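Descriptive analysis of the structure
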There are 4 protein chains.
Amino acid sequence: MIRIGIMGVTGYAGAELLRLLLAHPQAHVTYLASHSFEGKQMSSVYPGFAGISLPTLETVDAEAAAEKCDVVFTALPHGVSGEVIPALYKKGVAVIDLSGDFRYDDPEVYKTWYGFEHSSPELLKESVYGMPELHREKIKSARLIGNPGCYTTCSILALAPLVKHRLIDVQSIVIDAKSGASGAGRGLSEQTHFCELDESMKAYGIGTHRHTSEIEQELGCLNGAPIQLSFTPHLLPIKRGILATSYAKPTSAANVDELLGLYGEFFKGEPFVTICAKGKLPELKHVVGSNRVSIGVCVDARVNRVIVVSCIDNLIKGAAGQAIQNMNIVFGLEETMGLELIPWQI
Amino acid sequence: MIRIGIMGVTGYAGAELLRLLLAHPQAHVTYLASHSFEGKQMSSVYPGFAGISLPTLETVDAEAAAEKCDVVFTALPHGVSGEVIPALYKKGVAVIDLSGDFRYDDPEVYKTWYGFEHSSPELLKESVYGMPELHREKIKSARLIGNPGCYTTCSILALAPLVKHRLIDVQSIVIDAKSGASGAGRGLSEQTHFCELDESMKAYGIGTHRHTSEIEQELGCLNGAPIQLSFTPHLLPIKRGILATSYAKPTSAANVDELLGLYGEFFKGEPFVTICAKGKLPELKHVVGSNRVSIGVCVDARVNRVIVVSCIDNLIKGAAGQAIQNMNIVFGLEETMGLELIPWQI
Amino acid sequence: MIRIGIMGVTGYAGAELLRLLLAHPQAHVTYLASHSFEGKQMSSVYPGFAGISLPTLETVDAEAAAEKCDVVFTALPHGVSGEVIPALYKKGVAVIDLSGDFRYDDPEVYKTWYGFEHSSPELLKESVYGMPELHREKIKSARLIGNPGCYTTCSILALAPLVKHRLIDVQSIVIDAKSGASGAGRGLSEQTHFCELDESMKAYGIGTHRHTSEIEQELGCLNGAPIQLSFTPHLLPIKRGILATSYAKPTSAANVDELLGLYGEFFKGEPFVTICAKGKLPELKHVVGSNRVSIGVCVDARVNRVIVVSCIDNLIKGAAGQAIQNMNIVFGLEETMGLELIPWQI
Amino acid sequence: MIRIGIMGVTGYAGAELLRLLLAHPQAHVTYLASHSFEGKQMSSVYPGFAGISLPTLETVDAEAAAEKCDVVFTALPHGVSGEVIPALYKKGVAVIDLSGDFRYDDPEVYKTWYGFEHSSPELLKESVYGMPELHREKIKSARLIGNPGCYTTCSILALAPLVKHRLIDVQSIVIDAKSGASGAGRGLSEQTHFCELDESMKAYGIGTHRHTSEIEQELGCLNGAPIQLSFTPHLLPIKRGILATSYAKPTSAANVDELLGLYGEFFKGEPFVTICAKGKLPELKHVVGSNRVSIGVCVDARVNRVIVVSCIDNLIKGAAGQAIQNMNIVFGLEETMGLELIPWQI
């Protein structure tokens, strides 16, 4: 059994991690920490955990966590993660960080998009970007994982085969992404006040959303040269799910059968990637509740565009589920362990 | 491994059964049947099952099912269940029926509420009402289970301790129940057309909902004498969940601490029943996604009433989950096997 | 033209008042005040008011308001209303208060349910309970109106004919009411955080909701003797609308045709009351967007119960619309002026 | 008073037309027709019309309509409109058609996108595309109006100033549009069954949605040369509203201040167009319930893109409201008459 700690367990990603880990056959949750609810029981914050024996919520403390855990998931705000992780790392604990702090190869990129200097740039060299479909081998030997962002996961996987094979003009990429409100977290805000969001919708952060930089880093890596793309997030009046619609001009006449073949090849053997049959498109209900990404590929020959629609559950494949997938890889477990979740569908 | 068949697997309860059984360590799904989608794959109806190896959908046929299965779940419309079950039963297959056909002790009650003669009244004597909290012992040796209705489960468990201990005037019982739209099933109807239900709500079937008769049967049994009560269902603009608010006059001055003690005692050891602490009430999000019922008890001394609020997931504890719980009992498995589901919460 | 002021215009009831008054042919909005947004434009808080010429938001000040207005709507928190209204009243301005402060005949009732002494009990004698269907004559000559609560309006109108005509046992009344989230206001709270409410539902304030006391006051008045009843509010994952299901035992055998005749008689000529035909029930979509209350009456003879289902838009008939209806009466205008709103339906 | 008929009044656009026309000071509704509900009252289909005196629903008949009406709104399916309109037109009645049948200059375009020959191509020469912001002068003297589609209205107005002034590379245009479910109409379908859409979302009709051709026609006209663009619609789990996010590459370095100035100039005096201030974006709640389009303009210099976000209420500015706006123009009334609707906001 792997001894597990979660810092920031009372946030939505943290709570989802806990929910999933409690059903994981090799996970033994030994440490839970929360800035806001220290000393309380998890069930007093989330009554759905009633009746389940869990550690009392502790204060966030690297020392205590390192003693009790083989791996610590840090689901803390960016910046805050960066403070506690070096101590954890030094103690030899494996760390899977759900913030943006350890997702970058280049501390300058972090500074540009997050607005301040990275607090431990030397650790960035140790950390691995935790997207198994792209970096499985590196993840196996990593002890510090920067778990990808939610929009990021949905966008990168949608475009990776096209970029890798130079099939699209990378300057033409437009990603129009739509997310449920859980992505905005548990903190109260006007935009997630029920009557302000229900039956409404909005775009936000046009050209400035931090996840843009992650997508550019990973696609740029596949491209072998930097990429800059247009990314627009939208807030939906639902709880879970991200749907991204990605547009690009093919470099030569695109054929949907060939593209589908290519996607099938690229993701061959991937346990959590579904490529829709020709003419089919993914919907949120096909993935929400699961660790899957579902991808549909279209060619609009009339206007010379490839359009890719991709869906994930932002709290699972976009956060907690992918984090567990990374843990499974790091600890040499079956990669799908605890993650064979069928979407809720209804 | 238990070989399992589901008839009516493409309805919402059937699909949920399949989703849950695929995660059950002792379940081996060998037969799936659907009136409407014979010859198709489940994933063509519910794309969330993509990538999972499943039997092709067959026509509903007792003979074929009996050969392939140790137990068959019938998630067919009432009346239709009644036609196929006798043949299954004769073949020695265990049957767990999710329709209303085998929930009644008395065929006259069935006739009164369903409007026609029961097609196999002799089998009603063999069938057991599948509510483990009330009939666990009988279920153990049963081969034909009438799985309880959704409103029914939520209502009976809310009031059982009060009725059993003669603490309320049974003539004063009012149950005001609210259900998500999945309870109305997958069939298209005006009332469940998105724009007709979203942001709206209604009461329906006042005084005539068939689940009333189930509640009266089971509470009457606990009471030792017939009970007639007022039951009003409402349709909510959500997918899953039932919340029932039950009102009754106590026979003597009620004390909430005593009542909570009594509920605790009544449901002692029950794996799926949560009694809320004094002053707390259940919400749908505390149970949806799980097989739990959560119950909150209040006393309004000013107006001399006991008010009990209870919540379930209508597709799990109100249908598929309870059906699996019954299967576990019938087959001598751990009762919670495959059902240790934590509510989704977010 | 009537010169109109709104104090607390940035709350949901205040904003709805403004929206409706801008379409009222005799209303001239001259003064808007907000504690939180002084100095700003209404359109900066609610962008839907963009392009409409409106007074800048001022601080809440009786003196300033009295100079500019013939009538002031106070949509302030209870307690706060009580502080500013005496000064307005002294200045001779008509006041329509949407808080609970001037809804009571007896300051002791206020104290019991609101937890502190009423600050101007002498003014309670001047104020009239602004429910035109019950108090139209008194409203005509009033200068201070306590505008009824939302749950209250929906509940009182549902039961008034039965209580007035002594057709029900008043000790048997149970009101189970369900409200959209706008009733909880614009202030941020965990319970109205999108992901906490969406797809969920809860009961709250059992036996303690302040609107209970208003319902008891008005029904008691119709009864000619005090009434105590059981009232339970529920929070729905929708924006607008209240649906109340009221239960009572008839004093003698009830006949639905007779009851419907009686309701028709009681509400004869009422412009905003719809009595559903026999066998029909109101749904939220039949009233939301309008100033209507729609009422359906059922008899469940089997269990000797009368069940009344009633619906309103909590922000219109339950707040802003009824306030305008009161203004129309006070100023001798056509009662329906500015309120001939057809429900949104879709 | 203008005598008004609506054919297809029981569809969502038809019902919304009726709701709005009942509040229009110059409208007198004299004829209502419905294929499905002939002989019934509108209030039996939409109970929200209870208590309002309305003509009984008749069969769709040009003769009868022409006798009773000065203008007929045809809210019938495409193809069906094309059959009845020639007869209406010959009788001298003004016709405002909400289907796609009379929106095209070129019958070949109609054939390409609708799949069959236009039934009265000669009438296409008489019809005017009813978008007042582009064709007000022509509308004044028209007697047959092709009322624009919902996606169309939202998309064309978003891009018209950019195309008109040659500020974008028209080959780079991508429109990602999201619509509420009322756009899919009142007919039952799996995709709009409540449990299939609620909390989900999907893209559909990629590269094939008929509204694409309308957008291309109108923008091509402004461009002075044909345009082909990428248009992707999405279905949202809400009732009303369209939000379109449009992307294009500027032909020279774009400056947001200049662009906003240009938009302000282009739409100067337009009563229903709101241009958001710099840095602000429209949300559905800013327009739903009104006849407005709200437009926000962004420049993402880093990736050299102009991004325009636009919102409308699909049933009002996207259908019924714009139809009334056209009627007002045709009949020489104040263009805003009956349309001074403030968005619902809450």
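Quick caveat, the model's predicted, so the values are computed rather than measured.

Residue and element names in this part refer to chain D. The buried fraction of strand β1 (residues 2–7) amounts to five of the six residues, a majority that puts the element mostly inside the structure. Considered for its hand, the β-α-β crossover made up of β1, helix α1 (residues 12–21) and strand β2 (residues 27–33) is right-handed. Where β1 meets strand β4 (residues 71–74), four bridges bridge the pair, whose relative direction is parallel. When the bridges of β4 are listed, Ile 4 appears paired with Val 71.

Right, let's get into the side chain of Gln345(A). Relative to the elements of secondary structure, Gln345(A) occurs in the segment after α12 (316–330). For Gln345(A), the side chain forms a polar contact with the main-chain nitrogen of Gly48(B), separated by 3.3 Å. Sequence-distant contacts of Gln345(A), that is, excluding residues within four places in its chain, are made with Lys285(A), Tyr46(B), Pro47(B), Gly48(B), Phe49(B), Lys239(B) and Cys195(D).

Rotating chain B by 180° about the axis while translating it 0.0 Å along that axis superimposes it on chain C, leaving an RMSD of 0.0 Å. The superposition operator between the copies reduces to a two-fold rotation axis. If distances are taken from each C-alpha of chain B to the rotation axis, the shortest is found for Asp176(B), at 3.5 Å. Both copies contact each other with a shared surface, as 100% of the interface residues of chain B are interface residues in chain C too.

Going through the model one piece at a time under the given rule, you end up with 36 aromatic pairs over all chains. Geometrically, the ring pair formed by Tyr110(A) and Phe116(A) is edge-to-face, given 5.9 Å between the ring centres and 80° between the ring planes. Residue classification places Tyr110(A) among the buried positions, given a relative accessible area of 1%. Using a relative accessible area of 34% as the deciding quantity, one classes Phe116(A) as partly exposed. Judged by centre distance (6.3 Å) and plane angle (80°), the rings of Tyr46(C) and Phe49(C) are edge-to-face. On the accessibility criterion, Phe49(C) (1% relative accessible area) is buried. Pairwise contacts between aromatic rings join Tyr104(A), Tyr110(A), Tyr114(A) and Phe116(A) into one cluster. In this arrangement the basic side chain of Arg143(A) is found over the ring face of Tyr89(A), its NZ or CZ atom lying 4.3 Å from the centre.

Right, let's talk about the sheet that holds strand β7 (residues 144–146) of chain B for a bit. Within a beta sheet, neighbouring strands are joined by backbone hydrogen bonds and run either parallel or antiparallel to one another. Taken in spatial order, the seven strands of this open sheet run β3-β2-β1-β4-β5-β7-β6 (chain B), and their pairing is parallel. Edge strands, defined here as strands with exactly one partner in the open sheet, are β3 (57–58) and β6 (128–129) of chain B.

Residue and element names in this part refer to chain C. Of the residues making up helix α7 (residues 132–140), those classed as buried are Pro 132, Glu 133, His 135 and Ile 139. Seen along its axis, α7 keeps its buried residues to an arc of 130°; they face one direction. Residues Glu 137 and Lys 138 are exposed on α7 and point more than 90 degrees away from its buried face. Structurally, α7 contributes buried residues whose contacts are with β6 (128–129), β7 (144–146), α8 (150–164), α10 (211–223), β12 (273–275) and α12 (316–330).

Contact residues are listed per partner, giving 48 residues for chain B and 48 residues for chain C. Both sides of the chain B and chain C interface together cover about 3800 Å² of buried area, and 54% of this is carbon and sulfur. The three residues of chain B that bury the most area against chain C are Glu199(B), Met201(B) and Arg302(B), which together make up 17% of that side's buried surface. As a salt-bridge pair, Lys178(C) and Asp176(B) come within 3.1 Å of each other at their nearest N and O atoms. For the pair chain B and chain C, the number of links is 26 residue pairs in polar contact (both at pLDDT 80 or more). Those elements giving two or more residues to the side of chain B that touches chain C turn out to be β8 (174–179), α9 (194–197), β9 (202–203), α10 (211–223), β10 (230–235), β11 (242–248), β13 (293–300) and β14 (305–312) of chain B. At four residues, the largest contribution of residues to the side of chain B that touches chain C is made by β8(B). Of the residues in the side of chain B that touches chain C, the class split is 23 nonpolar, eleven polar and 14 charged.

So, about the pattern of salt bridges. Scanning the model with the defined rule gives 76 salt bridges over all chains in all. The closest approach of N and O atoms between Glu196(D) and Lys285(A), which form a salt bridge, is 2.8 Å. With Glu196(D) in helix α9 (residues 194–197) and Lys285(A) in the loop between β12 (273–275) and β13 (293–300), this pair bridges two chains. Of the two residues examined, Glu196(D) and Lys285(A), each falls in the buried class. Three or more residues are tied together by salt bridges with common partners; here these are Glu16(A), Arg19(A), Arg240(A) and Asp313(A).

Our focus in this paragraph is the relation of the copies chain D and chain A. The operation relating chain D to chain A is a screw motion whose rotation component is 180°, with 0.0 Å of axial translation and a residual RMSD of 0.0 Å. Mapped onto chain A, 100% of the interface residues of chain D again fall at the interface, so both copies present the same surface.

Even without being a glycine, Arg166(B) presents a positive backbone phi close to 55°. Within the fold, Arg166(B) resides in the loop between α8 (150–164) and β8. Although it is not a glycine, Glu199(C) adopts a positive phi angle of roughly 65°. Locating Glu199(C) in the fold gives a position in the loop between α9 (194–197) and β9 (202–203). For Glu199(C), a relative accessible area of 11% puts it in the buried group.

Further remarks concern the interface of chain D and chain A. Taken together, the contact between chain D and chain A spans 48 residues of the former and 48 residues of the latter. Both faces combined, the contact of chain D with chain A buries some 3800 Å², and carbon together with sulfur accounts for 54% of it. It is Glu199(D), Met201(D) and Arg302(D) that lose the most area in chain D upon contact with chain A, and together they represent 17% of the buried surface on that side. Applying the counting rule to chain D against chain A returns six salt bridges.

Calculation criteria
Residues numbered from 1 in each chain as written. Chains lettered and ligands numbered in written order. Predicted model: local features only at pLDDT ≥ 70, side-chain atom pairs only at ≥ 80, totals over all residues. Heavy atoms only, no water. Buried < 20%, exposed > 50% of the residue type's maximum accessible area, 1.4 Å probe, protein only. Helix = DSSP H or I, 4+ residues; strand = E, 2+ residues; numbered from the N terminus. Right-handed = clockwise from strand over helix to strand, strands pointing away. Pairing = 2+ DSSP bridges. Polar contact = N/O pair within 3.5 Å; in protein donor to acceptor, adjacent residues only side chain to side chain. Contact = heavy atoms within 4.5 Å. Least-squares fit on C-alpha atoms with pLDDT ≥ 70 in both. Phe/Tyr/Trp six-rings, centres within 6.5 Å; stacked < 30°, edge-to-face > 60°. Lys NZ or Arg CZ within 6 Å of the ring centre and 35° of its normal. Arc of directions from axis to C-beta. Buried area = accessible area lost by both parts, 1.4 Å probe. Salt bridge = Lys/Arg side-chain N within 4 Å of Asp/Glu carboxyl O. Nonpolar A, V, L, I, M, F, W, Y, C, P; charged D, E, K, R; others polar.

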